[in-house]
Structures are given as C-alpha cells and as structure tokens.
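Chain by chain, the residues run as shown.
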Amino acid sequence: VKRVSVHYTGLSFISPEQLQFSHKLQGFDSDFSDWTSDRIVSYTNLKPGTYTLFLKTKNGDDIESDVFQGLVLIKEPFYWQTVSFWLMVILCAGGCLGGIVYLITRSKYAHRLEIAKGKTDSLLLHIFPEHVARILSNNPNACVAERHDNVSILFADIVDFTRFASAFSPNRVVEILNTLFTKFDERAKKEYIEKIKTIGDAYMAAIFNADNDPDAAKRCIHYARGMLQDLETFNKEEGTHFTMRIGINTGSVVAGVIGKTKFIYDIWGDSVNVASRMESTGIAGKIHVSERIYLLTKDSFSYSEPVTVEVKGKGLMKTYFLE
C-alpha cells in the first residue's frame, strides 16, 4: 500500500460543524498540523515501521480537547525493502559480475593460449615433420619412435670448408652457412623434402616415402641437382668458390625425437650410414649414389660406370656418379 488515509470525527452538541482538528503522526510528523475542519488525513510512501496517530480538537469557542491517541499503524516493508532481498540482490549482482569477469578472463586466457599454441605449433612444424609436430603438439611428452621403409637419404658437405673458415671472421662463417643453408631449406620446403639436420657445414635431408611413390628417389636426385645450382648461384653472388659433395641412398630407417629440451628429430640405420658414406667417398661437384638409387632412377638419369667403394660394416659396394 502506497497511500494510507484515516477518517475521524469529533462530538459537539452545540455546533459540530465548527469543530477543527489537528493531527500528528508520531514517527513521521515533527509536530501537530495546523487546525483544519477536514476529517481525513492521508500519508503517501511511508517507510516501513510503526506509527501512532495523535489527534486533538477544538470547538467554536477555541476550547481544545485533550490529545487523543487514535491509531497505531504498522507499515510492513515491501519485499524489495527487506534486508534479505537486498542481500539476495547483492549476491546475484556479485555472482553476475564474477561470472562476467570469469568469462572475460577465461576468454582472454583462452585467446592467449590459442596464440601461444599457434606459435608452438608453428615452431614444431619448423623443427619436425608434420606428423611428428602434430603428435608433440597434442602430447609434448610423447615418445616418438618410428620405422620407415623406402626412405631416400641425402648428405651434402662443403668441401674443405673448415680450411676456408679459418680465413674468415666468425660472423662471416655463420653468415655464409646461414645464407647457403637457407637456400637449401627454401628449396626443400618447395619440393617437399624433409630437412633432418645440419652438422657444421654438412646438410642432411630425406624423403619419407610412406606411399611407396616410385618417383621419390627421382625427386631426391632433382633436389640434389638444385642444391648444386643454389651453390653455384651463391658463389656468383658472394664471390666465393665453394664446392660440394652429395651422397644419396635409399632404404629402411628408424626415426625418433631425442631429448626434452634441445630436442632433435633424427634417423638411424645402415641406410643412413651408406648415404653418409656416399657423400664422404664422393667427388667435389658430383652426386654419388648407391646401387639401389641407381636401379630406381637409371631410366631417368645418366650415370657413370659403376665405382666400387668400401662401406664400413657393409664391405665393397657398387656405386655410381650422376652425369
């Protein structure tokens, strides 16, 4: 109830119409009202609480009556005026605010995690083959150990680079290798060759032939030729005279990720050793291949007459030089 009205009257046996009234609602009014002939008093928007209405009257001769305590009013609070209601409002508001802050924080955190994961995934893709990067992205502690067949392995080495490097400053040595190997990396990415690692001035790459593609070995030969072209271009641009030996073999390997901090993806096996041996027993500016590579690519490329070399642990092997 927003408005309270109280009707009252008084008794006079001489001139009741001359009666006047004055009222005071204790708890609301500070003093009695002015005299009035009205017989009704109204109050609007009383605060919750207990009130007492006092009345007095006077007749036409200005004789006042005693003060009469007429009525006790108890104004119950609306539900929105209760302490429990406001406690509930505060709790709800706090909960909503907390929920909003949580959602915003979670969204920002999730966004940061997504950015961080994207950077991590990008970094992993630069270090590992795509399928290995996916494994480590989903489970950084995963043990990656695989066997692959029909892998074409390439080793390349700059001839006498150690002797040349002694004539250059450290900055120049790093600049030369970085510029040249970047060319090899870009070519490898373009031709879908997997760079394995570099060791000093040696460069190792491979083609994992999971689909038994008969042209995988040919692609490796094309890539090796491209490396020699990149080196020739580099020599013209830099005024250097570097030469390079390249060795290629194909076969089965074991591959995996070693380490947890400075980790590396590497491959092992006799096939890797033979490819390395093809490089070390090769000729500067030539591509030296095993008999297995020769048999896979002889219809597409011209080769020299067979050359017999001794491979540690394998004995004498028949090898060929790409013409």
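Everything that follows concerns the structure shown earlier in this document.
If you're wondering where the values come from, they're calculated on a predicted model, not measured in any experiment. (Residues numbered from 1 in each chain as written. Predicted model: local features only at pLDDT ≥ 70, side-chain atom pairs only at ≥ 80, totals over all residues. Heavy atoms only, no water.)

S.K.: Describe the sheet that holds strand E4 (residues 49-58), naming the residues involved and giving the relevant values.
M.R.: Here three strands make up an open sheet; going across it, the order is E2-E4-E5 and the pairing antiparallel. With one partner strand each, in any of the chains shown, strand E2 (20-26) and strand E5 (68-75) form the two edges of the open sheet. Each strand of the sheet is rotated relative to its neighbour by a mean of 20°, with strand direction disregarded. Two strands pair when backbone bridges link them, and E2 and E4 are joined in this way by seven bridges, in the antiparallel orientation. What sits directly across from glutamine 26, in E4, is threonine 52. (Pairing = 2+ DSSP bridges. Helix = DSSP H or I, 4+ residues; strand = E, 2+ residues; numbered from the N terminus. Axes fitted to C-alpha atoms, helices over the stretch in contact; angles between N-to-C directions.)

S.K.: So what about unusual backbone geometry? Which residues, and what values?
M.R.: Phi is positive for asparagine 150, close to 55°, though the residue is something other than glycine. Note on placement: asparagine 150 falls in strand E6 (residues 145-158). Phi is positive for tyrosine 192, which is not a glycine, with a value near 60°. Looking at where tyrosine 192 falls in the secondary structure, it is placed in the loop between helix H4 (170-190) and strand E7 (194-199).

S.K.: Talk me through a nonpolar patch on the surface; I want residue IDs and the actual numbers.
M.R.: Together, Val254, Ile258, Ile264 and Trp268 give the surface a local cluster of nonpolar side chains, amounting to about 320 Å² of exposed area. Of all the secondary structure elements, the ones that give two or more residues to the nonpolar patch are strand E9 (244-258) and strand E10 (264-268). Note that isoleucine 264 resides in strand E10. (Patch = residues over 30% accessible without salt bridge, like charges linked within 9 Å, V, L, I, M, F, W, Y side chains within 5 Å. Areas by Shrake-Rupley, 256 points an atom, 1.4 Å probe, with all protein chains shown as cover. Salt bridge = Lys/Arg side-chain N within 4 Å of Asp/Glu carboxyl O.)

S.K.: Give a description of the pairing of E7 that names residues and reports values.
M.R.: Where E7 lies against strand E8 (residues 202-207), five bridges are found, and the strand directions are antiparallel. Across the sheet, the residue bridging to isoleucine 199 is alanine 202, located in E8. The turn joining E7 and E8, which pair antiparallel and follow one another in sequence, is formed by two residues; a positive phi near 65° is taken by glycine 200.

S.K.: Any details on helix H2 (residues 130-138)? Residues and values, ideally.
M.R.: Those residues of H2 that sit buried are Val132, Ala133, Leu136 and Ser137. The buried residues of H2 occupy one face: seen down the axis, they fall within an arc of 135°. Facing away from the buried side of H2 by more than 90 degrees, the exposed set consists of Glu130 and Asn138. (Buried < 20%, exposed > 50% of the residue type's maximum accessible area, 1.4 Å probe, protein only. Arc of directions from axis to C-beta.)

S.K.: How would you sum up the side chain of lysine 197? Please name residues and give values.
M.R.: Inspection of the secondary structure assignment puts lysine 197 in strand E7. Given a relative accessible area of 18%, lysine 197 falls into the buried group. Polar side-chain contacts of lysine 197 include one of 2.7 Å to the side chain of aspartate 266. Residues within four places of lysine 197 in sequence aside, it is in contact with Ala202, Tyr203, Met204, Ile264 and Asp266. (Polar contact = N/O pair within 3.5 Å; in protein donor to acceptor, adjacent residues only side chain to side chain. Contact = heavy atoms within 4.5 Å.)

S.K.: Give a description of H4 that names residues and reports values.
M.R.: With 21 residues, H4 extends 30 Å from end C-alpha to end C-alpha; this agrees with the ideal 30 Å at 1.5 Å per step. Of the residues flanking the end of H4, it is tyrosine 192, one or two places downstream, whose phi is positive at about 60°. (Expected span 1.5 Å × (residues − 1).)

S.K.: Go over the pattern of salt bridges with me, naming the residues and quoting the values.
M.R.: Throughout the structure, instances matching the rule amount to 14 salt bridges. With a shortest N-O distance of 3.6 Å, glutamate 237 and lysine 183 are connected by a salt bridge. Remark: lysine 183 occurs in helix H4 and glutamate 237 occurs in helix H5 (residues 216-238); sequence separation between them is 54 residues. Here lysine 195 ties to aspartate 185 by a salt bridge, and the two come within 3.3 Å at their closest N and O atoms. Of this pair, lysine 195 sits in strand E7 while aspartate 185 sits in helix H4; the two residues are 10 residues apart in sequence, bridging distant segments of the chain. Residue classification places aspartate 185 among the partly exposed residues on the basis of a relative accessible area of 27%. One connected set of salt bridges, linked through shared partners, spans Asp157, Arg245 and Glu279.

S.K.: Give me the lowdown on the packing of aromatic side chains, citing residues and values where you can.
M.R.: Scanning all chains against the criterion turns up 13 aromatic pairs. Plain terms: the ring middles of phenylalanine 28 and tyrosine 43 are 5.2 Å apart, the flat faces sit at 80° to each other, and that makes the pair edge-to-face. With phenylalanine 28 in the loop between E2 and strand E3 (40-44) and tyrosine 43 in strand E3, this residue pair connects regions lying 15 residues apart in the sequence. With 5.4 Å between their ring centres and 75° between their planes, tyrosine 294 and tyrosine 303 make a pair best called edge-to-face. Exposure remark for tyrosine 303: the relative accessible area of 13% places this residue in the buried category. By the ring-pair criterion, three or more aromatic residues cluster together here, those being Phe161, Phe164, Phe234 and Phe242. Looking at lysine 56, its charged tip hangs above the ring of phenylalanine 32, at a distance of 4.6 Å from the centre. Taking the ring centre of phenylalanine 164 as reference, the NZ or CZ of arginine 163 above it sits at 4.8 Å. (Phe/Tyr/Trp six-rings, centres within 6.5 Å; stacked < 30°, edge-to-face > 60°. Lys NZ or Arg CZ within 6 Å of the ring centre and 35° of its normal.)

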